[in-house]
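What the coordinates show
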Amino acid sequence: MRLVTIRRITQGFFLVLMIGSCLVNRVGDRWYELRGWPVSWLLELDPLVGLATVLTTGSLYKGLLWGTLTLALTALLGRFFCGWLCPLGTLQQMVGAWTDKGRRPKARAYGRQSHPGQKIKYLLLTALLTMAGVELVCPLVDLSGQGGWIPPVAVILAGIVLIRTGQKTPWKRSTGWAMAVAGSLCLMLGNLLPGNRLLAAGLQTGILDPIPLVYRSVSLVVLPLISPDGTFVVVTGGLLTGGVFVLVLALSAWRPRFYCRYVCPLGALLGLTVRWSVWRMGRQDKNGDACTGCGRCDHHCEGACDPANEIQWAECVLCYNCRDDCPERIMGYSTRPSTTGENPGPDLSRRAVLTAGATGAILLPLARLGDPLGVGWRPDLVRPPGSLTEEAFLNRCIKCGLCMRVCPTNVIQPTVLEAGIEGLWTPRLDFRLGSSGCQHNCIACGSVCPTAAIRPLALEERMGTASFADKGPVRIGTAFMDRGRCLPWAMGIPCIVCQENCPVSPKAITTRTIMETVAGLDRLIVQQVSSRAVHLNLPFTRSPLAGGDYFLAGPAGPQNALRITGLQAGWIQVAGDPAGAGFRQQTPAAVVVRLQQPYVDPLHCIGCGVCQHECPVRGRAAIRVTSENETRSRAHALLAGTGLPHSKD
């Protein structure tokens, strides 16, 4: 079987595997639902996920060890992940092949030629990794600050000496430049600007990393769009999420694998890894004169790596199209270098790399000038249960969308600008969307998170039972009553929907009953009294007086009012003896309503949001959940600096 055919079969398998992972990522016990399927395995194979989280957290999670296997095989074989496994690469290749059918061979070859712009992805990778790892220099800066200006100045001088004496030795010059830059940074950050906010790290690789991108696009756009009417799924930010996905594929119609060539930071990481690979693609004619210059090797080259000449080995994705197209059969894959030579890695200028790194280092401090992780935090940003503190959460979340897809009530939604640019596509809870609030006996989101940004919880920990009884349930926020919109509080309309739907025990929402006179029905005159009815001058009203919450009060006051059981023109049927309650002809009467005004007990509220979802007030609910008093952060305690106990003393 041809290698190209094997490659296509492999690509199809991993594309189906990715789509299947998204499809089965639903709570349930049927075979096509989440029953131990490794839905995040492709994400764990992504070495950029592991590397970036190591930089931001200092630890490598067990599942992400698969990424080291990918790196090792890439260093041995070349960029097989891009050409054989990556689902986004496969989709781009399909679009490119489809659009190439209408082009002439020369036009196809032109679109697949190497371009200087392919270096952009390496600069993007530099910026993203600098953004992730900039805080690693904090200990060095602190040490420099403690030692005064002498250590950094000594490092700078040593670097200058290496630069001056290493004119003909590249490694000396590179080391000298690195020492000079590091010493300057330490001098500036540790001595001249101590205590500054310039060192801020964050994980933003998920925005451009192709594996989280394709997972996010399929889970949040493709599957909701094709879901049947019975499983209609609401997702916010669909235009942005889907627009990026469509743009990536559309650009592949213009330039095959456009995203892989110019943007993909994962491709850049793997391109750097293949620099010393053992096996490689290239011309294998010993004398270098077998090539007729037909150019067919360029016609279907997916990596734009110029295989006929000095091959750009870092760009080759091992598509084997050149080997298949070559009529002289001189293209091969072996341990010998290409006859016409090869360029093992990208030719990046030092200035470009420094500029990219500096850009990556300064973006997060700019984004955090408003102190979104401190005093400027957004209380309306409610994260899923088990989420780490906001800073740790942002250092781990890769924006893959798995938690949103698996949520059984669809209450987890992607952020657009609610958490700022830094929090784009991270999960948040929108209690108005979906089929309910956050179920307090559900731990699905934490079980599928590949980086533990949402910590996996045991059901007992989530509900605060068994050995976790002393800590209480996991709180994701607290509900607050808006008395200006609540029906019993603002409009005198009976309603206890929030109290009835509160799922915790004892209930976090209690009510206090009051009797209030109904406007327009407070100056009635009794005209006649019978055994179960009172005739009076009753005006037209739309109030459901016979609903059970309305009473007719007489001279004895609201305490002795009789419940209204029926209503006709000019008379009211009541439960009880009107005469016994003091109703007489020409005595005053009034209709009163029993209102159960809800109160939230913050000691018992866990912020599940069921009350907000069920609130009958359309638009902005009369009861809303904010992240105050969430378990994950003491700084967000309801009372500043204190925090509520988990139970009443």
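Residues numbered from 1 in each chain as written. Predicted model: local features only at pLDDT ≥ 70, side-chain atom pairs only at ≥ 80, totals over all residues. Heavy atoms only, no water.

Let us look at the overall build of the protein chain. From N to C terminus, the protein chain includes 25 helices and 15 strands. A compact globule built from 649 residues would reach a C-alpha radius of gyration of about 26 Å, whereas the protein chain, at 34 Å, exceeds it by more than 25%. Principal axes of the C-alpha set define a box for the protein chain whose edges measure 120 × 65 × 40 Å. Burial statistics for the protein chain: of 649 residues in total, 49% are counted as buried. Across the protein chain, contacts joining residues at least 24 apart in sequence account for 74% of those joining residues at least 6 apart. A total accessible area of about 30100 Å² is found for the protein chain, and carbon and sulfur atoms account for 61% of it. If you average the places of the 63 positive and of the 42 negative side-chain charges in the protein chain, the two averages end up 4 Å apart. (Helix = DSSP H or I, 4+ residues; strand = E, 2+ residues; numbered from the N terminus. Rg over C-alpha atoms; globule rule 2.2 N^0.38 Å. Buried < 20%, exposed > 50% of the residue type's maximum accessible area, 1.4 Å probe, protein only. Contact = heavy atoms within 4.5 Å. Areas by Shrake-Rupley, 256 points an atom, 1.4 Å probe, with all protein chains shown as cover. Lys, Arg positive; Asp, Glu negative; His and termini not counted. Charge placed at Lys NZ, Arg CZ, Asp CG, Glu CD.)

Looking now at helix H18 (residues 350-367). Given a rise of 1.5 Å per residue, 18 residues ought to cover 26 Å, and the 26 Å separating the end C-alpha atoms of H18 matches this to within 8%. Among all positions of H18, only Ala-356, Gly-357, Gly-360, Ala-361, Leu-364 and Pro-365 are buried. Where H18 is buried, its residues meet helix H8 (120-133). (Expected span 1.5 Å × (residues − 1).)

Let us now look at the packing of helix H3 (residues 47-57) against helix H15 (residues 265-273). It is at 9 Å that the axes of H3 and H15 come closest, and there the two elements cross at 90 degrees. When the axes of H3 and H15 are compared, the pair comes out roughly perpendicular. Contacts between H3 and H15 involve Pro-47, Leu-48 and Leu-51 from the former and Pro-265, Leu-266, Leu-269 and Leu-270 from the latter. (Axes fitted to C-alpha atoms, helices over the stretch in contact; angles between N-to-C directions. Parallel < 35°, antiparallel > 145°, perpendicular 65-115°, else oblique.)

On to the UniProt feature "transmembrane region" (unreviewed entry) in the protein chain, then. Here the UniProt-annotated "transmembrane region" (unreviewed entry) positions come out as residues 12-28, 64-86, 122-141, 147-163, 175-193, 230-251 and 258-279. Helix makes up 71% of residues 12-28 and strand 0%. Its end C-alpha atoms lie 27 Å apart. (UniProt positions renumbered as here; feature names shortened; annotations may be inferred.)

This paragraph deals with the pattern of salt bridges. Opposite charge on two side chains permits them to pair, given that their charged atoms come into close proximity. All chains considered together, the criterion is met by 19 salt bridges. Asp-100 is the salt-bridge partner of Arg-112, the closest N and O atoms lying 2.5 Å from each other. Here Arg-112, found in the loop between helix H7 (105-111) and H8, pairs with Asp-100, found in helix H6 (residues 87-100); they are twelve residues apart in sequence, far enough to count as distant. Residue classification places Asp-100 among the buried positions, given a relative accessible area of 4%. Measuring nitrogen to oxygen at the nearest pair gives 3.1 Å for the salt bridge that ties Arg-624 to Asp-482. Of this pair, Arg-624 sits in strand S15 (residues 623-626) while Asp-482 sits in the loop between strand S7 (478-481) and helix H23 (487-491), and the two are 142 residues apart along the sequence. Members of the salt-bridge network, linked through shared partners, are Asp-100, Arg-103, Arg-112, Arg-257 and Glu-302. (Salt bridge = Lys/Arg side-chain N within 4 Å of Asp/Glu carboxyl O.)

Now for a nonpolar patch on the surface. There is a patch of nonpolar side chains on the surface, built from Trp-66, Leu-69, Leu-73, Leu-76, Val-278 and Trp-279 and spanning about 470 Å² of accessible area. Within the element layout of this structure, Leu-76 appears in helix H4 (residues 66-77). (Patch = residues over 30% accessible without salt bridge, like charges linked within 9 Å, V, L, I, M, F, W, Y side chains within 5 Å.)

Attention now goes to unusual backbone geometry. Put simply, Ser-505 and Pro-506 share a cis peptide bond, and its omega is 0 degrees. Looking at the secondary structure, you find Pro-506 in the loop between helix H24 (497-501) and strand S8 (509-517).

Here the focus is the environment of Leu-73. Residue position: Leu-73 is located in helix H4. Classification of Leu-73 as partly exposed rests on a relative accessible area of 31%.

This structure, assessed with the given rule, holds nine aromatic pairs. Aromatic pair Phe-13 and Phe-14: ring centres 5.2 Å apart, planes at 85 degrees, arrangement edge-to-face. Relative to Tyr-262, the ring of Phe-258 lies with its centre 4.7 Å away and its plane at 40 degrees, an arrangement referred to as tilted. With a gap of four residues between them, Phe-258 and Tyr-262 both fall in helix H14 (residues 258-262), about one helical turn apart. Take Phe-258 and Tyr-262: they sit in the same class, and that class is buried. Counting every residue linked through ring pairs, the aromatic cluster contains Phe-13, Phe-14, Trp-41 and Trp-66. Lying over the aromatic face of Trp-425, Arg-216 brings its terminal NZ or CZ to 4.0 Å of the ring centre. It is Arg-483 that lies over the ring of Trp-489; its NZ or CZ is 3.8 Å from the centre. (Phe/Tyr/Trp six-rings, centres within 6.5 Å; stacked < 30°, edge-to-face > 60°. Lys NZ or Arg CZ within 6 Å of the ring centre and 35° of its normal.)

As assigned here, the protein chain comprises domain 1 (3-117 + 206-343), domain 2 (123-202), domain 3 (390-471), domain 4 (478-508 + 601-626) and domain 5 (514-596). On the domain 2 side, the residues contacting the twelve residues of domain 1 number eight residues. Between domain 1 and domain 2, the buried area comes to about 750 Å², and carbon and sulfur atoms account for 87% of it. Its largest share of buried area at the contact with domain 2, domain 1 owes to Leu-55, Thr-56 and Pro-265, together 53% of the area lost on that side. (Domains from an automatic or database assignment. Buried area = accessible area lost by both parts, 1.4 Å probe.)

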